[in-house]
Amino acid sequence: MAGIFITFEGIDGCGKTTQLGMLAALLAAHSIPHLITREPGGTLVGNKIREIILDPTHNKLSSKTELLLYAADRAQHVFEELKPSLEKGEIILCDRYTDATIAYQAYGRKLPVKLINQLNLIATDGLAPDLTLLFDLPVEEAEKRMSNPNSLRSKDRLEQEQRDFHQRVRQAYLALAEKFPDRFRTISALGTSQEIFYQVSQVVIPKIKSLYPSLNNYVFC
Ligand SMILES: Nc1ncnc2c1ncn2[C@@H]1O[C@H](COP(=O)(O)OP(=O)(O)O)[C@@H](O)[C@H]1O
Ligand SMILES: [Mg+2]
């Protein structure tokens, strides 16, 4: 039995982890087998790679090295977690996947998109998500959600650069959603978590109902 592979995408602070947690709770409440995972860091090896990528003392890490580390993390993740989970018929909830690498590395860091597509293909063995939820949110709103309320100072140059970077990432995600309309569902991430989750459930439940009929009586609220 083949499971269903769902990825959660969008800029930092758009609410991916929050919504993934809410969906996982719903699946658990209906005893539906699922895997909660993320990139980078979905495996033991991947967690070590994640530490290398995120360590602020690694300030000489080149964009290409970073890209290859993401690819290595993904190859291990597909091999060790994603494929076996799908073979077991589970619903995979994955926080970021290949689209994030295209949005961040190609459009954020301006690496060649062709190179990234090739690397993604090598790392995934062609495993694409069945459904990608894109949580779309203005960059300023995402910043507000993540900002420390005690630091209400003006933006310095670096922070402005960061804002431009995240703008490019947001636009790249929207372009990907247009390019792959069968797989992507774009959800406005404005509003309360509950309001956004209503939209998530409206997209996800019909997709997994055929596999897990215990959801047939699910009441949207
Ligand atoms: N709908 C929402 N409205 C306001 N704040 C939210 C909402 N969803 C999440 N948050 C808060 O915004 C921050 C970022 O959310 P998170 O789910 O971690 O985003 P991501 O995983 O996309 O970076 C967290 O502090 C979270 O509690
Ligand atoms: Mg998150």
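Residues numbered from 1 in each chain as written. Chains lettered and ligands numbered in written order. Predicted model: local features only at pLDDT ≥ 70, side-chain atom pairs only at ≥ 80, totals over all residues. Heavy atoms only, no water.

## Focus: the overall build of the protein chain
Part 1: Counting secondary structure elements, the protein chain contains eight helices and five strands.
Part 2: Taken from the N to the C terminus, the helices and strands of the protein chain come in the order β-α-β-α-α-β-α-α-β-α-α-β-α.
Part 3: A compact globule built from 221 residues should have a C-alpha radius of gyration of about 17 Å, and the protein chain, at 18 Å, falls within 12% of that.
Part 4: Overall, the protein chain is about 55 × 40 × 30 Å in size when its C-alpha atoms are taken along their principal axes.
Part 5: Expressed as a percentage of the 221 residues in the protein chain, the buried residues total 46%.
Part 6: If you take every contact in the protein chain between residues at least 6 apart in sequence, the share linking residues at least 24 apart comes to 77%.
Part 7: In the protein chain, 26 positive and 26 negative side-chain charges are present, and the distance between their average locations comes to 3 Å. (Helix = DSSP H or I, 4+ residues; strand = E, 2+ residues; numbered from the N terminus. Rg over C-alpha atoms; globule rule 2.2 N^0.38 Å. Buried < 20%, exposed > 50% of the residue type's maximum accessible area, 1.4 Å probe, protein only. Contact = heavy atoms within 4.5 Å. Lys, Arg positive; Asp, Glu negative; His and termini not counted. Charge placed at Lys NZ, Arg CZ, Asp CG, Glu CD.)

## Concerning the packing of helix 3 (residues 63–87) against helix 5 (residues 113–124)
Part 1: Interaxial distance between helix 3 and helix 5 falls to 8 Å at its minimum, and their mutual angle equals 30°. Relative to helix 5, the element helix 3 is oriented roughly parallel. Of the two elements, helix 3 crosses helix 5, and the hand of that crossing is right-handed. Residue-level inspection shows Leu67, Leu68, Ala71, Arg74, Ala75, Val78 and Lys83 of helix 3 in contact with helix 5, the latter providing Leu115, Ile116, Leu119, Asn120, Ala123 and Thr124. (Axes fitted to C-alpha atoms, helices over the stretch in contact; angles between N-to-C directions. Parallel < 35°, antiparallel > 145°, perpendicular 65-115°, else oblique. Left-handed = near helix turned anticlockwise from the far one by under 90°.)

## Some thoughts on helix 2 (residues 44–54)
Part 1: Within helix 2, the full set of buried residues consists of Gly46, Ile49 and Ile53. Across the axial projection of helix 2, the buried residues extend over an arc of 60°, all falling on one side. In helix 2, those exposed residues whose orientation departs by more than 90 degrees from the buried face are Leu44, Lys48, Glu51 and Leu54.
Part 2: Taken together, the buried residues of helix 2 touch helix 3. (Arc of directions from axis to C-beta.)

## As for the packing of helix 4 (residues 98–108) against helix 5
Part 1: At a minimum axis distance of 10 Å, the contact between helix 4 and helix 5 shows a crossing angle of 155°. One finds that helix 4 runs roughly antiparallel with respect to helix 5. For the crossing formed where helix 4 meets helix 5, the hand is right-handed. Within the contact between the two elements, helix 4 uses Thr98, Thr101, Ile102, Gln105, Ala106 and Tyr107 and helix 5 uses Val113, Ile116, Asn117, Asn120 and Thr124.
Part 2: Of the residues assigned to the contact of helix 4 with helix 5, the class counts are five nonpolar, six polar and no charged. (Nonpolar A, V, L, I, M, F, W, Y, C, P; charged D, E, K, R; others polar.)

## Observations concerning the site of ligand 1
Part 1: Lining the immediate environment of ligand 1, one finds 13 residues, of which Gly13, Lys16, Thr17, Thr18 and Gly191 sit closest.
Part 2: Between cysteine 14 and ligand 1, the recorded distance is 3.3 Å, taken from a backbone N or O atom to an oxygen atom.
Part 3: Within the backbone of glycine 191, an N or O atom sits 2.8 Å from a nitrogen atom of ligand 1.
Part 4: Taken together, the elements giving at least two residues each to the shell around ligand 1 come down to helix 1 (16–29) and helix 8 (193–209).
Part 5: The element contributing the most residues to the shell around ligand 1 is helix 1, with three residues. (Near = heavy atom within 4 Å. Polar contact = N/O pair within 3.5 Å; in protein donor to acceptor, adjacent residues only side chain to side chain.)

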